[in-house]
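Chain residues, written in single-letter form:
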Amino acid sequence: MKIIAKSMMLILITLMFIASSCEKEVSTSPPEKEVPHGVVYIDSKPSNALIYVNGRNEGLRTPDSITWLAEGEYTVTLKRNLYRDTSFSIVSNAENKYETFIDYNSNPKMRGSISCITNDRGASIYINDSLVEGTTPHTVKGLIPGKYKVSFSLDQRRTDSTFVTVESSKITEAIVILRDTTLWTDYTRATSEIPSNYLTFVIVDHENKKWIGTMDAGVAVFDNKSHTWQIFNETNSPLPSNQITKIFEDDLNRIWIGTTGGLVVIDNGVWDIYNSSNTPMEDDHVTDIEVDKDGLFWVLTHKGVVRTSLVTWQYIRVLSIEVGGNWLTTLTVDHQNNIWIGTYVDGILKYDRSIWTLYKNGPIEYSTFSSPPRYYRRGIPSNTIMAGAFDPYKGAILFGCWPFSADGFTGGTTLYDGYNLRNQVIHLQSNVIRFIHIDDNNKKYICTQVGISIFQEYYGFVQHFRMANTDITSDQTTCLAIDQDGLLWVTTNGGGLNKYKGEY
Amino acid sequence: MIKKTLFISVISILLFYSCEENFSPKADYQRRYALNCVINYGQEYQIASVSTSYDVPGFDPYKNTDDPFLSNVLLRIWVNDSVFVFQDSVEERSDQSRYKNPLHFYYLDNFEAKLNDSIYIEAVLPNGNILSSRTKLPKQISTVGEGTDISIPPDSSDDVSIVRTMWTSEDKFLIYQPKAVIPYQLKQGGVTTNHEKEVPIEYLQLSGEEIAVFPIPSFAKSLNIQMSAIERALLDISGDDDKRDKYTIFPMIIKIAVYDKNLSDYYSSTSRIIDEYSVRLDEIDFTNIDGGFGVFGSYSIQYLSKPFDAEYVRSFGYRYLF
């Protein structure tokens with residue numbers, strides 16, 4: 001028994017030894033933490049809302065899942081441009097995927113309103129081109145946040161629109177000043193299909209269509225009965241240049257278009273191009289076109305002039321006068337079939353088919369030049385002549401002379417009465433004169449840097465149309481024409497085309 | 001007695017057998033993860049990497065040839081309320097001696113932060129593990145008037161042979177790495193090209209050879225450059241070119257890389273020559289990533305301009321523009 005007890009003791013000690021001897025001291029890194037498994041899927045309508053969890057921007061946008069979210073309850077906030085923030089609770093559970101869907105637009109608080117205001121009350125309101133009930137002033141409610149086009153329509157006012165952005169629970173103002181079209185209607189790139197706001201010339205053809213020359217976008221033909229526009233430019237037509245200098249319709253209803261790249265004649269839809277390569281024209285920059293008493297056309301270019309029937313071409317030598325700069329600007333035919341040419345720096349040239357006479361502002365000078373040209377000192381307010389028109393009632397020619405500060409000339413108008421050139425004082429708003437027109441009723445129209453001036457008698461009342469006293473869109477008027485309905489069409493440099501329906 | 005002897009023998013064999021297990025110095029392999037990202041202030045483009053540890057048979061870690069890059073990581077950076085989510089990208093690996101596959105990395109191309117901004121990075125790994133860390137961009141530094149020569153050559157300091165620059169910052173215990181450069185233009189054949197000449201702080205004679213000494217990262221907030229080194233740098237710009245009027249010199253610029261606290265700690269723990277009190281660690285021992293290993297830090301490069309005296313530059317035959 002004693003032996004058995006000893007043996008048992010020995011076994012126990014041995015087992016303890018075994019157990020202790022096998023213990024190894026080897027360092028190990030701590031086990032990886034148990035990671036949470038919750039997945040939360042969040043979607044919204046509209047989507048693309050930023051997801052915040054417990055106030056932290058997760059950098060995720062709906063629809064998206066937040067993975068590995070520790071089990072528990074969280075506050076999720078969705079932030080979306082134009083909408084109010086939406087917060088809600090979610091539960092992250094390792095066993096079940098949590099899914100939630102937020103429909104912003106089902107919440108009335110997420111909608112917004114537009115307050116529609118026009119300067120004149122009672123305008124019809126269109127939201128994204130759909131008519132809404134009510135007229136201005138009126139607030140359209142319950143709109144889904146986003147960008148809207150708001151249009152207004154009112155009799156005798158130009159239909160106009162604006163874009164506004166609607167936000168949740170806010171009232172956005174759509175305020176539009178409706179332009180009064182009772183007297184003036186403008187045609188600009190913003191309000192019509194006109195290809196440019198920088199216009200150079202306008203005529204009314206035999207069909208009462210308006211041909212409008214632009215500085216940079218060719219020719220636009222506007223039919224204001226059908227409100228249709230037709231655009232001709234270098235890309236879609238044979239037009240040699242988009243810079244138009246003159247438009248003219250002859251008795252055969254042919255349209256002549258002067259450009260900086262040559263002359264265009266459109267005859268019943270057929271285009272012919274004339275330039276220095278196929279005519280005696282000295283250069284391609286056409287500045288004026290007129291017809292004389294013989295039915296021949298005079299085409300003025302920067303450097304010279306040609307006379308043509310389109311079958312024959314005759315080069316007229318102007319340079320014998322030695323005009324400085326060779327820059328010819330305007331051509332006028334008087335009742336005696338004399339040709340008057342304005343120059344940029346050298347005054348006025350008269351051609352009576354045999355003799356050239358140069359009229360300049362300056363001391364009296366006589367020259368023994370060929371033919372002979374005679375130099376006169378006359379009452380020309382400057383030597384920069386940019387416009388001219390024949391006055392059939394007076395048998396006189398009215399010239400527009402620009403100020404030329406280098407020589408101290410103030411500019412203005414000068415009149416040739418058949419005998420002498422004299423300074424014709426007209427109270428214009430500006431002496432930068434771009435165009436002169438004298439109509440069948442002997443009314444004179446002068447387009448200047450500061451609006452239009454209209455008058456009947458040279459020393460009578462002058463009516464001015466400019467931005468300060470009318471709705472014309474620009475003071476820089478360049479040309480005008482009167483259509484068959486007596487409406488005045490005015491081109492401007494920067495303000496597009498203006499139509500005047502009032503009295504003048 | 002025989003029974004007793006037999007019993008003891010059996011127990012001894014059992015004992016011997018039970019302990020017959022080879023001891024290995026390698027612990028049981030457990031996967032670990034590393035996140036590395038150093039924010040370069042002022043850059044929209046930032047890169048980061050997330051990798052996993054690996055095991056190899058034996059003890060040579062270079063036997064592993066499987067790229068440890070970890071893909072499908074949701075890696076984000078928060079700066080105030082803005083969050084930037086990294087995209088992953090891949091590039092041709094230039095050194096394919098170990099890994100043959102293309103180089104993977106994460107990048108941002110729209111990062112924005114201001115000096116002194118706090119930045120938090122978080123990587124959610126495909127298995128749900130999260131690695132995270134914080135840093136703070138260094139604050140703006142400014143020059144200290146008393147310890148700084150305002151122009152080159154110095155005209156007011158006691159020692160005109162040294163150009164001194166001293167700066168200060170509200171941040172404490174950061175490491176600065178200054179670098180002085182002279183920008184210049186060379187006009188040749190109608191074409192103007194821009195260049196920079198790096199300026200050492202001094203030249204040392206070592207075994208008869210002249211060695212240029214450049215500034216190294218340190219806690220010091222000053223930089224002293226020998227005038228002789230600047231003169232040498234100016235001469236080196238044109239070298240043997242006699243037509244020195246082709247060269248236009250601009251004021252010297254001192255570019256100071258300011259390491260944030262994390263990078264400063266990292267650098268001072270791994271560099272041998274910060275100061276005599278620092279303890280150098282092996283690179284792997286330093287981490288500031290919660291949940292794993294790696295380094296997350298930031299640095300900014302700030303610029304101080306030091307104009308030359310115009311006559312001084314012209315005396316070399318150069319043009320000078322400031």
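Residues numbered from 1 in each chain as written. Chains lettered and ligands numbered in written order. Predicted model: local features only at pLDDT ≥ 70, side-chain atom pairs only at ≥ 80, totals over all residues.

### Topic: the overall build of chain A
- From N to C terminus, chain A includes one helix and 43 strands.
- Evaluated residue by residue, chain A yields a buried proportion of 37% over its 504 residues.
- For chain A, the proportion of contacts with a sequence separation of at least 24, taken over those separated by at least 6, is 45%. (Helix = DSSP H or I, 4+ residues; strand = E, 2+ residues; numbered from the N terminus. Buried ≥ 20, exposed ≤ 12 C-beta atoms within 10 Å, placed from the backbone. Contact = placed C-beta atoms within 7 Å.)

### Some thoughts on the overall build of chain B
- Secondary structure summary: chain B contains four helices and 19 strands in total.
- Here chain B, with 322 residues, has 25% of them falling under the buried criterion.
- Nonlocal contacts in chain B, meaning residues at least 24 apart in sequence, comprise 66% of its contacts between residues at least 6 apart.

### Topic: the sheet that holds strand β38 (residues 444-448) of chain A
Residues and elements named next belong to chain A.
- Pairing within the open sheet is antiparallel, and its four strands lie in the order β37-β38-β39-β40. Here the strands that pair on one side only, and so sit at the sheet edges, are β37 (433-438) and β40 (462-465). Pairs of neighbouring strands in the sheet enclose a mean axial angle of 15 degrees, with direction left out of account.
- With four bridges joining them, strand β39 (residues 451-455) and β40 adopt antiparallel strand pairing. By the bridge assignment, I452 is partnered in β40 with F465. (Pairing = 2+ DSSP bridges. Axes fitted to C-alpha atoms, helices over the stretch in contact; angles between N-to-C directions.)

### As for the sheet that holds strand β11 (residues 138-143) of chain A
Residues and elements named next belong to chain A.
- Overall, mixed pairing links the three strands, which are arranged β11-β8-β14 in an open sheet. The open sheet is flanked by β11 and β14 (171-176), the only strands paired with a single partner. Across the sheet, the mean angle from the axis of one strand to that of its neighbour is 20 degrees, orientation sign disregarded.
- Taken together, the four bridges between strand β8 (residues 112-118) and β11 define a ladder with antiparallel strand orientation. Looking at β11, one finds that S115 is bridged to T139.

### Details of helix α3 (residues 261-270) of chain B
- All buried positions along α3(B) are accounted for by N262(B), L263(B), S264(B), Y266(B), Y267(B) and S268(B).
- Turning to α3(B), the residues buried within the fold contact β1 (33-40), β8 (130-136), β17 (252-259) and β18 (296-306) of chain B.

### Considerations on the pairing of strand β15 (residues 184-187) of chain A
Residue and element names in this part refer to chain A.
- Burial along β15 is two-sided: W184 and D186 facing one way and T185 and Y187 facing the other are all buried.
- Where β15 lies against strand β43 (residues 497-500), four bridges are found, and the strand directions are antiparallel. Bridged to Y187 within β43 is L497.

### Overview of helix α2 (residues 227-238) of chain B
All names here are of chain B.
- All buried positions along α2 are accounted for by A229, I230 and L234. Buried residues in α2, looked at end-on, bunch into an arc of 140 degrees, giving them a common side. Structural note: α2 exposes S228 and L235 on the side pointing more than 90 degrees away from its buried face.
- Of the surrounding secondary structure, the elements contacted by the buried residues of α2 are β10 (162-168), β11 (176-188), β12 (191-199), β13 (202-206) and β15 (222-226).
- Positioned one or two residues after α2, G239 has a phi angle of 60 degrees, which is positive. (Arc of directions from axis to C-beta.)

### So, the nonpolar core
- Within the largest apolar cluster, 75 residues are counted, with the highest numbers of intra-cluster contacts made by V202(A), I212(A), V219(A), V299(A), V305(A), I341(A) and L480(A).
- Counting residues per element, this core draws most heavily on strand β34 (residues 396-402) of chain A, at six residues.
- Setting aside residues no more than four positions away along its own chain, V305(A) makes contact with W298(A), V299(A), L300(A), I316(A), V318(A), L328(A), L331(A) and I341(A).
- One finds A34(B), V73(B), W167(B) and F296(B) within the second-largest nonpolar core, a separate group that totals 59 residues. (Core = buried A, V, L, I, M, F, W, Y, C linked by C-beta atoms within 7 Å.)

### Some details on the confidence of the model for chain B
- Taken as a whole, chain B shows an average pLDDT of 86; of its residues, 86% reach a score of 70 or greater.
- For this predicted complex, the interface score ipTM comes out at 0.70, alongside a pTM of 0.60. (pLDDT = per-residue confidence, 0-100.)

### Looking at the environment of A396(A)
Residue and element names in this part refer to chain A.
- By the secondary structure assignment, A396 is in strand β34.
- Exposure remark for A396: the 21 C-beta atoms within 10 Å place this residue in the buried category.
- On a C-alpha basis, the gap between A396 and L421 in space is 9.4 Å, while along the polypeptide they are 25 residues apart.
- With near-sequence residues (within four places) excluded, A396 lies in contact with D391, L415, Y416, D417 and G418.

### Quick word on the pairing of strand β17 (residues 210-214) of chain A
All names here are of chain A.
- Burial analysis of β17 places five of its five residues in the buried class, which makes it a mostly covered element.
- Alternating residues of β17 divide into K210, I212 and T214 and W211 and G213, and every residue in both groups is buried.
- Judged from the five bridges that link them, strand β16 (residues 199-204) and β17 form a sheet pairing that is antiparallel. Residue pairing for β17: F201 is matched across the bridge by G213.
- The hairpin turn running from β16 into β17, its antiparallel successor, is five residues long, and N208 in that turn takes a positive phi close to 70 degrees.
- Remark: four residues form the turn of the hairpin made by β17 and strand β18 (residues 219-223), two consecutive strands paired antiparallel; G218 in that turn has positive phi of roughly 80 degrees.

### A few points about the environment of L69(A)
- Along the chain, L69(A) falls in strand β4 (residues 64-69).
- Spatially, the C-alpha atom of L69(A) lies 6.4 Å from that of S92(A), the residues being 23 residues apart in sequence.

### Quick notes on unusual backbone geometry
- Following T62(A), the chain continues to P63(A) via a peptide bond in cis, the omega torsion being -5 degrees.
- Along the chain, P63(A) falls in the loop between β3 (56-61) and β4.
- With an omega of -5 degrees, the peptide bond running from I152(B) to P153(B) counts as cis.
- Within the secondary structure, P153(B) sits in the loop between β9 (142-143) and β10.
- With a phi angle near 80 degrees, L82(A) is a residue other than glycine that sits in the positive phi range.
- Position of L82(A) among the secondary structure elements: in the loop between β5 (72-79) and β6 (86-92).

### Section: the confidence of the model for chain A
- Summing up the model confidence of chain A, the mean pLDDT is 87 and the portion of residues at 70 or higher is 87%.
- Contacts from residues 14-28 of chain A, a stretch scored under 50 in pLDDT, to residues over four places away or in other chains number 13 contacts.

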